[in-house]
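Here is how the chains run, residue by residue.
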There are 2 protein chains.
Amino acid sequence: MMLTPERMAPLKARRLGIDTHHEPTLYLPANSHVCRSEGFESLSRVLITTHQGQHLIASLNIVTGVLLADDEVGFSESAWQRLQLHPEDPIWLSHPKPVQSLSHVRAKVYGHELDDLQFQSIINDIVDGRYADVHLAAFITACGDDSLTDREITSLTQAMVKSGSTLDWRLPLVVDKHCVGGLPGNRTTPIVVSILAACGLTVPKTSSRAITSPAGTADTMETLTEVSLSLEQMREVVGSEGGCLAWGGAMRLSPADDLLIQVERALDIDSEGQLIASVLSKKIAAGATHVLIDIPVGPTAKVRSQDAADRLADSFRAVADNLGLKLQVLFTDGSQPVGRGIGPALEAHDLLAVLQNLPTAPLDLKQRAEQVAGAMLAMVREISLEDAQALAEETLCSGAAWAKFRAICEAQGGLRHPPVAPYRYALVAERRGRVSTIDNRILAKIAKLAGAPADPAAGVEIPVKLGDEVECQDILLMIHAENAGELNYAVEYLNDHTQVIQLESDTQGEQVSPC
Amino acid sequence: MMLTPERMAPLKARRLGIDTHHEPTLYLPANSHVCRSEGFESLSRVLITTHQGQHLIASLNIVTGVLLADDEVGFSESAWQRLQLHPEDPIWLSHPKPVQSLSHVRAKVYGHELDDLQFQSIINDIVDGRYADVHLAAFITACGDDSLTDREITSLTQAMVKSGSTLDWRLPLVVDKHCVGGLPGNRTTPIVVSILAACGLTVPKTSSRAITSPAGTADTMETLTEVSLSLEQMREVVGSEGGCLAWGGAMRLSPADDLLIQVERALDIDSEGQLIASVLSKKIAAGATHVLIDIPVGPTAKVRSQDAADRLADSFRAVADNLGLKLQVLFTDGSQPVGRGIGPALEAHDLLAVLQNLPTAPLDLKQRAEQVAGAMLAMVREISLEDAQALAEETLCSGAAWAKFRAICEAQGGLRHPPVAPYRYALVAERRGRVSTIDNRILAKIAKLAGAPADPAAGVEIPVKLGDEVECQDILLMIHAENAGELNYAVEYLNDHTQVIQLESDTQGEQVSPC
């Protein structure tokens, strides 16, 4: 009576070349023999079985017309690649089991506290591909009101660590740092890692791609070298150089995080609980023992007030404590962008200038990198903060950090020149005055509309700082884009949001004078 | 400098026949001239413009390989049909504007109270197709913790009414009823509408399809007659017969509701605020002045306790009051399914038996229909509840309600025989005993796994009631399915959830004896 998939006539796999992003999708002809007999036409998800016994759950689209023959089944790129299929491979389809852990997501929606096992079953189902995008969106949103308790964030973090690979360096001291973001251009990580590794610390740094920002460290580093390292490659780089600057997503360190981040980006939601679990699960999986968290605070940064920063820091400390991780928080100035560039390649140019001690290097980026590296050195070396910062500065100015950075990039596959964008648009001052406000959020939005981070050369260059005196016709910001369409899109948005940079007159009472 | 879509070379529209459900999707070749020049490869959403100046926002999938020629652009069925395209129609693509109202959704995620204008802009963007499924999922989830205030539910309801068509009957008394559901088989509506219309009341009833249940009234009525009426057709039916039994989705009465319901179904989330806004927006848009809300209460019904029922009733009353609607709440027994059938056609067979006064008619369904119709008659005729229920019973027993039901179905396009399912599976009692518990939720799940509501004949038949004495080998429930695959799927679930119906021994202390 029970038909097992194996007893049905198989369908032939066909690669359709459709990029459905990370959500595997299957295309089934309405006239397929299994469509009516198995009731697939009323399903939105289907279980795929290959002749090698591999399984994958995919979203199902029914197809009418001539696109597919009746005995074919079409695959999106992500489904094809995950199953490593060949054309005409035999394929069996069946009903997926109900996803039990969705009842825990619903419990969370209704405000119930979840326990270790419930988070683990949610995260396991996510990693196994049982959640459609709408389910991921519901989970992210349900955790998105900052209502997770520290106990729940701990459970979520542990579940995320357990769902993937972990590294064990067999060393008493493995350091890592993370900036909670929200501050465009704040690309200290490559500089800090170079300083710390040059000082002899072990820094197996993995970074994520941007969630809601125009660039993540992995996006920027990708313009300079290879970042998609395997675990084995990462071990080799860290073994020879003491540090690395890799993308975490290729290593299955907390793989649930990589799936959640894609939907968080579409929703532009990045909640406190998910943020802490995302950061700490990556650090623990990468084998870190000591972690420094940089929280920029400012009116248009991600964390807008010292109160909010204190609450976030308390949660970070409590969760780290539950997990046996040494953690220190550093509050930094979040009132304006750091460096000149916002966007993967533009930020790469800035950090190269700092590492190379060029006279054009942005001083604020240099000082922040020294501040963060100093705090970490003080934490693990048990020296004064003053001595630690002097050591960081010396390591940078002597060229030791630059040599270490080059060595890491060479070990990862070679140092590259970051690209430059052909399309530009300059916003110039229409009057003289002093820069009084810079809106981080609008700047980030313009950089994203210009194409960052998917287009590595796209972004915004901002040559002015708060308090700078500008003359009429001075450039206030420059949009960079890889094509005309995205440039126009960013310019349109800029024209609607001219408050991005505001000037005030130099002398009290004097009116700002137009050119 | 600015390229308008019209100044670019158009692409040729091609229908791919892919059913992406309600989410319009566009397939663009990676080698298309606009793909690089406009930066579409990094987009997930795109704005379509036709040569007739129509616009639609769609999800974007980039395609490599031979599926499409470089100057073609593929359309999913929903995108093709919404734009009413012809093959090779010229098509222009551009970047959609950022969806401003998503910032309100994020505010809701963070627990802020939204006002009239914010809900209106969210609902307008949803109706205009600016929300991808993940955005709908986030909005539903953010409103899903029953955290909407009565003021917010009122705003949401008004916004949903304003976003679609409305009916004005120019009558002082237009009645409607709604059951909040959660009780399988509780298909009183067609009987109640027939009684009330036979008594001379105006009942322009529109119903939705199932959200998380195995059947909605529209699903059941569709097995009996045409339910996809236009507004004009509905006016004619109600004009001639005093009542109708139509699907609301074809009329653009609160069209946002129809889009939200599709994602609510995928998430299996149906929150209190969304529930009230969904129900009342449909009633107000359909021109109702007096509404009766039936809330079944039981341990495995949607509303599990009298406390929860009271809270829900208070919110219903407060929101109706804000909107000038007369509303009365009726609490009913929600401890077990109503009638014998669960699923569109199975429920149709039950209600036909009641209307036709057949000796096999399920008594509980008949009595509930009389109870609901009586409460409504008492509310609007200002007679005692006793007299009103006697009037309802007389209208049913005299055949007047059955004559009215037939007349309504004829006016809607003719009365049909509901289908029957070829595949069955019987669960029989393995011992004698008394039925002590019936789990509504597990029953509903089995009916859905068997194919309901998409397969109209699928579902569960349950011939026993709480307290019934059953003999060994008596049938406890019968699964109906339209194909073997779904039958097996439902049977598997049943085998894992045998607690769906529990028996206890007849005499205290005596062990239940196996056959």
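Because the structure is predicted, anything quoted here is derived from the model rather than measured. Starting from 1, residues in each chain are numbered consecutively following that chain's sequence as written. Here chains are named by letter from A upward and ligands by number from 1 upward, in the order in which they appear as written. In keeping with the predicted nature of the model, local features appear solely for residues at pLDDT of at least 70, side-chain atom pairs appear and are counted solely at 80 or more, and the whole-chain, interface and lining totals rest on all residues. Note that the side-chain values use all heavy atoms of the structure and ignore hydrogens as well as water.

The two copies are related by a screw operation: chain A maps onto chain B through 180° of rotation and 0.0 Å of translation along the axis, at an RMSD of 0.0 Å. With respect to symmetry, the two chain copies, as superposed, fit the operation of a two-fold axis. Across chain A, the smallest distance between a C-alpha and the rotation axis is recorded for valine 134 of chain A, namely 2.5 Å. For the least-squares superposition of copies, only C-alpha atoms count, and only for residues with pLDDT at least 70 in both.

Turning next to the interface of chain A and chain B. Each side of the interface is counted separately: chain A has 61 residues, and chain B has 62 residues. Throughout, the accessible surface (probe 1.4 Å) given up by two parts as they are put together, summed over both, is called the buried area. For the pairing of chain A and chain B, the buried interface totals around 5000 Å² over both sides, and the portion due to carbon and sulfur atoms is 57%. When the buried area of chain A at its contact with chain B is split by residue, Tyr110, Val134 and Tyr489 of chain A rank highest and sum to 11% of it. Salt-bridge detection follows one rule: a side-chain nitrogen of Lys or Arg within 4 Å of a carboxyl oxygen of Asp or Glu. On the surface where chain A and chain B come into contact, there are three salt bridges. Here aspartate 268 of chain A and arginine 106 of chain B are joined by a salt bridge, their closest N and O atoms 4.0 Å apart. Here a polar contact is recorded for every N or O atom pair within 3.5 Å, except that within protein the pair must consist of a potential hydrogen donor and a potential acceptor, and residues adjacent in sequence are included only if both atoms are side-chain atoms. The interface formed by chain A and chain B includes 14 residue pairs in polar contact (both at pLDDT 80 or more). Here a residue-residue contact requires only that any non-hydrogen atoms of the pair lie within 4.5 Å.

Residue and element names in this part refer to chain B. Helix and strand definitions follow DSSP, with helices as H or I runs of at least four residues and strands as E runs of at least two, each counted in order from the N terminus. How far a helix is expected to stretch is found by multiplying one less than its residue total by 1.5 Å. For helix H11 (residues 272-285), which comprises 14 residues, the first-to-last C-alpha distance of 20 Å matches the rise-based estimate of 20 Å (1.5 Å per residue) to within 8%. Each residue gets one of three labels from its accessible area relative to the maximum for its type: buried under 20%, exposed over 50%, partly exposed in between, using a 1.4 Å probe on protein chains only. Among the 14 residues that make up H11, 12 are buried, leaving the element largely enclosed by the rest of the structure. Burial in H11 covers these residues: Gly273, Gln274, Leu275, Ile276, Ala277, Ser278, Val279, Leu280, Ser281, Lys282, Lys283 and Ala285. At the C-terminal side of H11, glycine 287 shows a positive phi close to 85°.

Looking now at the domain arrangement of chain A. Each domain span listed reflects an automatic or database assignment of domains. Examined at the domain level, chain A breaks down into domain 1 (8-94), domain 2 (175-247 + 282-412) and domain 3 (423-504). Taking only C-alpha atoms, the centre of domain 1 of chain A and the centre of domain 2 of chain A are 44 Å apart.

As a further point, take the packing of aromatic side chains. In this analysis, rings of Phe, Tyr and Trp, with Trp reduced to its six-membered ring, are considered paired at centre separations within 6.5 Å, and the interplanar angle assigns stacked below 30 degrees, edge-to-face beyond 60, and tilted for intermediate values. This structure, assessed with the given rule, holds four aromatic pairs over all chains. Judged by centre distance (6.2 Å) and plane angle (20°), the ring pair of tryptophan 402 of chain A and phenylalanine 405 of chain A falls under stacked. A residue pair is termed a helical-turn pair when its members lie 3 or 4 positions apart in one helix, as tryptophan 402 of chain A and phenylalanine 405 of chain A do in helix H16 (residues 400-412) at three residues. With respect to class, tryptophan 402 of chain A is no different from phenylalanine 405 of chain A; both count as buried. The interplanar angle of 75° and the centroid separation of 5.9 Å between the aromatic rings of phenylalanine 75 of chain B and tryptophan 80 of chain B together place this pair among those described as edge-to-face. Across the pair, tryptophan 80 of chain B and phenylalanine 75 of chain B agree in class, each one buried. Both a distance and an angle decide whether a charge sits over a ring: NZ of Lys or CZ of Arg must be within 6 Å of the ring centre and within 35 degrees of the ring normal. In this arrangement the basic side chain of arginine 209 of chain A is found over the ring face of tryptophan 247 of chain A, its NZ or CZ atom lying 4.2 Å from the centre.

Another aspect to go through is the pairing of strand S10 (residues 290-297) of chain B. Successive side chains on a regular strand alternate, one facing one side of the sheet and the next facing the other. Residues and elements named next belong to chain B. Summarising burial for S10: eight of the eight residues are buried, a large majority. Alternating positions in S10 separate into two faces, His290, Leu292, Asp294 and Pro296 on one and Val291, Ile293, Ile295 and Val297 on the other, with burial throughout. You can see the chain leave S10, run along helix H12 (residues 306-322) and come back into strand S11 (residues 326-333), and the turn it takes is right-handed. Orient the strands so they point away from the viewer, and a crossover whose first-strand-to-second-strand path over the helix runs clockwise is right-handed.

Attention shifts here to the side chain of lysine 282 of chain A. All names here are of chain A. Mapped onto the elements of the fold, lysine 282 is located in helix H11 (residues 272-285). The exposure class of lysine 282 is buried, given its relative accessible area of 8%. A distance of 2.7 Å separates a polar atom in the side chain of lysine 282 from the backbone oxygen of leucine 253.

Looking now at unusual backbone geometry. Residue and element names in this part refer to chain A. With an omega of 5°, the peptide bond running from alanine 452 to proline 453 counts as cis. Its location among the elements puts proline 453 in the loop between helix H17 (440-449) and strand S15 (459-461). You will see that glutamine 84, though not glycine, has its phi angle at about 50°, which is positive. Its place among the elements puts glutamine 84 in the loop between helix H2 (77-83) and strand S6 (90-94).

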